[in-house]
Amino acid sequence: MVQDQQDLDLYSKEYARQLDEHDELASYRDEFYINPNSIYMDGNSLGLLSKRAEQSLLDVLGAWKHQGIDGWTQGQYPWFYLAEKLAAMSAPLVGASADEVIVTGSTTVNLHQLVATFYKPQGIRTKILADELNFPSDIYALQSQLKLHGYDPDEHLIRVASRDGRFLQEEDIIAAMTEEVALIVLPAVLYRSGQLLDMKRLSAEAHARGILIGFDGCHSVGSIPHSFSEWDVDFAFWCNYKYLNSGPGGTASLYVNRKHHGITPGLTGWFGSHKDKQFDMEHQFHQADTAGAFQIGTPNILSMAPLIGSLELFAEATMEKLRQKSLHITRYMMELIKHELSDMGFTLGNPTEDERRGGHVSLEHQEAARICKALKELQHIVPDFRAPNIIRLAPVPLYTSYSDVWETVQRLKAVMVDKQYEKFANMRDVVA
Ligand SMILES: Cc1ncc(COP(=O)(O)O)c(C=O)c1O
Ligand SMILES: Nc1c(O)cccc1C(=O)C[C@H](N)C(=O)O
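Quick caveat: nothing in here was measured; it's all calculated off a predicted structure.

Notes on the nonpolar core
- Ranked by size, the top nonpolar core spans 92 residues in total, and within it Ile 173, Met 177, Ile 184, Leu 202, Phe 228 and Trp 238 carry the most contacts.
- Per-element tally for this core: the top contributor is helix α10 (residues 301-317), with nine residues.
- Viewed by domain, this core spans two of them, domain 1 (3-31 + 318-423) and domain 2 (54-316), each represented by three or more residues.
- If sequence neighbours within four positions are ignored, Trp 238 has contacts with Val 94, Val 101, Thr 107, Gly 217, Cys 218, Val 221, Phe 228, Leu 244, Ala 252, Ser 253, Leu 254 and Tyr 255.
- Met 333, Val 361, Leu 412 and Tyr 421 belong to the second largest nonpolar core, which has 34 residues in total.

Structural notes on a nonpolar patch on the surface
- Side chains of Leu 58, Leu 61, Trp 64 and Leu 302 sit close together on the surface and give an oily, nonpolar patch of about 380 Å² of accessible area.
- Broken down by element, the nonpolar patch gets its largest block of residues, three residues, from helix α2 (residues 51-67).
- Along the chain, Leu 58 turns up in helix α2.
- Among the residues examined, Leu 58 registers a relative accessible area of 44% and is labelled partly exposed.

Quick look at the packing of aromatic side chains
- A full pass over the atoms with the stated rule returns 16 aromatic pairs.
- Relative to Tyr 81, the ring of Phe 80 lies with its centre 5.1 Å away and its plane at 80°, an arrangement referred to as edge-to-face.
- Residue Tyr 81 is classed as partly exposed on the basis of its relative accessible area, which comes to 41%.
- When the ring of Phe 118 is compared with that of Phe 235, the centres are 5.3 Å apart and the planes differ by 10°; the resulting orientation is stacked.

A look at the UniProt feature "binding site: pyridoxal 5'-phosphate" (unreviewed entry) in the chain
- With numbering matched to this structure, UniProt assigns "binding site: pyridoxal 5'-phosphate" (unreviewed entry) to Thr 107, Thr 108, Phe 135, Pro 136, Ser 137, Asp 138, Asp 216, His 219, Tyr 241, Trp 270 and Thr 298. The annotated residues occupy 192 residues of the chain and do not converge on a single region, their most distant C-alpha atoms lying 30.1 Å apart.
- Locating Thr 108 in the fold gives a position in helix α4 (residues 107-118).
- Classification of Thr 108 as partly exposed rests on a relative accessible area of 25%.
- You can see Phe 135 is positioned in the loop between β3 (127-131) and α5 (136-148).

What to know about the packing of helix α12 (residues 368-377) against helix α13 (residues 402-417)
- Across the interface, α12 lies against α13 with an axial gap of 10 Å and an inter-helix angle of 120°. Taken together, the axes of α12 and α13 lie oblique to each other. The crossing of α12 and α13 is right-handed. Here Ile 371, Ala 374 and Leu 375 of α12 lie close against α13, whose contacting residues are Arg 411, Leu 412, Val 415 and Met 416.

Concerning the domain arrangement of the chain
- Structurally, the chain comprises domain 1 (3-31 + 318-423) and domain 2 (54-316).
- For domain 1 versus domain 2, the separation of C-alpha centres amounts to 30 Å.
- Contacts between domain 1 and domain 2 engage 27 residues on the former and 23 residues on the latter.
- At the boundary of domain 1 with domain 2, total buried surface from both sides reaches about 2100 Å², with 55% on carbon and sulfur atoms.
- For the domain 1 face of the interface with domain 2, the top three residues by lost area are Met 319, Arg 356 and His 360, together amounting to 26%.
- Taking the shortest distance from any N to any O, the salt bridge between Glu 364 and Arg 166 comes out at 2.5 Å.
- Those elements that provide at least two residues to the side of domain 1 that touches domain 2 are α11 (319-340), β10 (361-364) and β13 (390-393).
- Here the side of domain 1 that touches domain 2 takes four residues from α11, the largest share from any one element.

Thoughts on the environment of Asp 7
- Along the chain, the position of Asp 7 falls in the segment before α1 (13-21).
- Residue class for Asp 7 comes out exposed when judged on its relative accessible area of 81%.
- When the C-alpha atoms of Asp 7 and Asn 426 are compared, they prove to be 42 Å apart, with 419 residues separating the residues in sequence.

Quick notes on the site of ligand 2
- All residues in the neighbourhood of ligand 2 are listed as Ser 45, Phe 135, Tyr 191, His 219, Tyr 241, Lys 242, Arg 386, Arg 392 and Val 431.
- His 219 is positioned such that a nitrogen or oxygen atom in its side chain is 2.9 Å from an oxygen atom of ligand 2.
- Classifying every residue of the shell around ligand 2 by side-chain character gives four nonpolar, two polar and three charged.

Digging into the pairing of strand β7 (residues 235-238)
- Neither face of β7 is exposed, since Phe 235 and Phe 237 on one face and Ala 236 and Trp 238 on the opposite face are all buried.
- Both strand β6 (residues 212-216) and β7 contribute to a ladder of three bridges, which runs parallel. Paired with Gly 214 across the two strands is Phe 235, which belongs to β7.
- Note: β7 against strand β8 (residues 253-256), four bridges, orientation antiparallel. Bridging across to β8, Phe 237 finds its partner in Leu 254.

Calculation criteria
- Residues numbered from 1 in each chain as written.
- Chains lettered and ligands numbered in written order.
- Predicted model: local features only at pLDDT ≥ 70, side-chain atom pairs only at ≥ 80, totals over all residues.
- Heavy atoms only, no water.
- Core = buried A, V, L, I, M, F, W, Y, C linked by side-chain atoms within 4.5 Å.
- Buried < 20%, exposed > 50% of the residue type's maximum accessible area, 1.4 Å probe, protein only.
- Helix = DSSP H or I, 4+ residues; strand = E, 2+ residues; numbered from the N terminus.
- Domains from an automatic or database assignment.
- Contact = heavy atoms within 4.5 Å.
- Patch = residues over 30% accessible without salt bridge, like charges linked within 9 Å, V, L, I, M, F, W, Y side chains within 5 Å.
- Areas by Shrake-Rupley, 256 points an atom, 1.4 Å probe, with all protein chains shown as cover.
- Salt bridge = Lys/Arg side-chain N within 4 Å of Asp/Glu carboxyl O.
- Phe/Tyr/Trp six-rings, centres within 6.5 Å; stacked < 30°, edge-to-face > 60°.
- UniProt positions renumbered as here; feature names shortened; annotations may be inferred.
- Axes fitted to C-alpha atoms, helices over the stretch in contact; angles between N-to-C directions.
- Parallel < 35°, antiparallel > 145°, perpendicular 65-115°, else oblique.
- Left-handed = near helix turned anticlockwise from the far one by under 90°.
- Buried area = accessible area lost by both parts, 1.4 Å probe.
- Near = heavy atom within 4 Å.
- Polar contact = N/O pair within 3.5 Å; in protein donor to acceptor, adjacent residues only side chain to side chain.
- Nonpolar A, V, L, I, M, F, W, Y, C, P; charged D, E, K, R; others polar.
- Pairing = 2+ DSSP bridges.

Have a look at this one:
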């Protein structure tokens, strides 16, 4: 913690204020639209709008307004090259070269594309290895890809069990890497508990057994640094609307390790063409020799445009500093929770060690659904609820202050002490 704060009560509001004063990323808060009447702790589900993301969207709209079809090749951000431009801007966040990334599709569609490409059952190697805690959409995609190959997902999709319902043990995953496994798909950071898996170790163990491995980076990209190429990850996919603040339904991304460039995409479309060849309109597919080959159809330009401004902020703030603050502010939140909310039925459901923790804090409570409702409606804190008993709180380093965290814990305490949650039914709402 900060030196001149030695005499301060670590749990005081003044201490939080001083942490904000010493926060070298504090100025980035002004880059965002922050509702002054509430505290946003849901940036792990939908990140907030930044002024630069708004501006880049307006710039792209302006190109459409003034240039029409010429916007594809002219203007500030020619649309024909936008996926590649954004890939180059994203590459440092995942430890890749620009040509190993492409901004395209949606998370689930990208997973379909990558499995359609890399799942090649042969002999007894016919199974896909996943885990029982992964996000449902990933599991649905894997099940449907297995069915397309004529396999029964109940037999061919192995889901590594969690010992405690929260975390996965790398040893258990490695033990499940048998000679029957063709492909592995795992989350980088688990969406409920926020556990960060050891991607380097898992990739090495998979490769030692002749298995390809890919990661879902939805809850990790923009929150932790990655070294996909150095770790020799085969492929990865992620959304850009959580920590990367590209807006609801913002176009997603994928990574394909350079060693696989040239492999025929499972799902081909003309935007996967070599850029010089695409408009020759031949019926022979000349694929790009980059991750661009995995694009399918026309990019969703308006859903990509906010990412331009947003990624500029990441380049300036740097992932290293963002991770440093994220670790510090989540630790601060955990300390406050332990101090203020002990004996109230809460369990900390995220890893406490820095090297195993993603960007959010996961609090478990049997009344979690209605505690979230009371927090939102009565205390103007925006958390999110994940069934059956999880309150996720994400102090996002670009725009969350230490004072926000202090307030959140105080208001959560009020909800509990005054039993404000009893005014609500303990059931989830439609989205959270
Ligand atoms: C871990 C994870 N995977 C996949 C998805 C699905 O993403 P999409 O709806 O953008 O396809 C999400 C979020 O919705 C997610 O959190
Ligand atoms: N993708 C979402 C959506 O379309 C609507 C509401 C929420 C989401 C989310 O991203 C939820 C998020 N993946 C989660 O971790 O729960």
